[in-house]
Amino acid sequence: MELKWRIKPWGEATLVEVEGEVDLHSAPLLKEALLEVGAAQSARIALDLGGVSFLDSTGIGALVGAYKKTRESEGQIAFFGARPRVKRVFQIAGLWNALPFYDSRDAALAALLPAPLVTAPETPSATGEAHAG
């Protein structure tokens, strides 16, 4: 399955919705997109993992790498929406309690913004995708 992502401005934050498999082939492209968003000083990223159907160790490495780089720029990433299978991968890796995971988009945005926007602002979004092979 392909990996797709949508990047949407959300007030002072950025919402990144990920869908598909984050694996050896697609993870580097997703990491590159996240690094681009996180490169801004004090970036705030809400990363929606609800559409991720598969995540391997390369995918974890890409997400953790983007998280660390964003933190180095004094930014923040809040993860949310992980399906049980994806959550289990993070738990096995010992990262579930080490990274900022939230139950919902609103909870993630509340952690990032002083007054989160409940509805999406009327701004254009960007999309990307990675194809296997």
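Remember, it's a predicted structure, so these values are computed and weren't measured experimentally.

Criteria and thresholds
- Residues numbered from 1 in each chain as written.
- Predicted model: local features only at pLDDT ≥ 70, side-chain atom pairs only at ≥ 80, totals over all residues.
- Heavy atoms only, no water.
- Buried < 20%, exposed > 50% of the residue type's maximum accessible area, 1.4 Å probe, protein only.
- Helix = DSSP H or I, 4+ residues; strand = E, 2+ residues; numbered from the N terminus.
- Pairing = 2+ DSSP bridges.
- Right-handed = clockwise from strand over helix to strand, strands pointing away.
- Salt bridge = Lys/Arg side-chain N within 4 Å of Asp/Glu carboxyl O.

Colleague: Report on the pairing of strand β2 (residues 13–22), specifying residues and quantitative values.
Modeller: For β2, the tally of buried residues reaches 8 of 10 residues, placing the bulk of the element in the interior. Of the pairings in the sheet, the one linking strand β1 (residues 3–10) to β2 comprises 8 bridges and is antiparallel in character. Its bridge partner lying in β2, Pro-9 is registered against Thr-14. Counting the residues that bridge the hairpin from β1 to β2 gives 2 residues, and of these Gly-11 lies at a positive phi of roughly 65°. Strand direction decides the pairing type here: β2 and strand β3 (residues 44–55), joined by 8 bridges, are parallel. For Glu-21, the partnering residue across the bridge sits in β3 and is Phe-54. This β-α-β element, β2 to helix α1 (residues 27–38) to β3, shows right-handed connectivity.

Colleague: Can you break down the pattern of salt bridges residue by residue, with the values?
Modeller: Going through the model one piece at a time under the given rule, you end up with 5 salt bridges. For Arg-6, the salt bridge goes to Glu-17, with nearest N and O atoms at 3.0 Å. Of the two residues, Arg-6 sits in strand β1 while Glu-17 sits in strand β2, which places them 11 residues apart along the sequence. The residue Glu-72 makes a salt bridge to Lys-69 at a minimum N-O spacing of 3.7 Å. You can see Glu-72 and its partner Lys-69 sitting in helix α2 (residues 57–72), 3 residues apart, about one turn around the helix. Via salt bridges that share partners, Arg-6, Lys-8 and Glu-17 belong to a single interconnected network.

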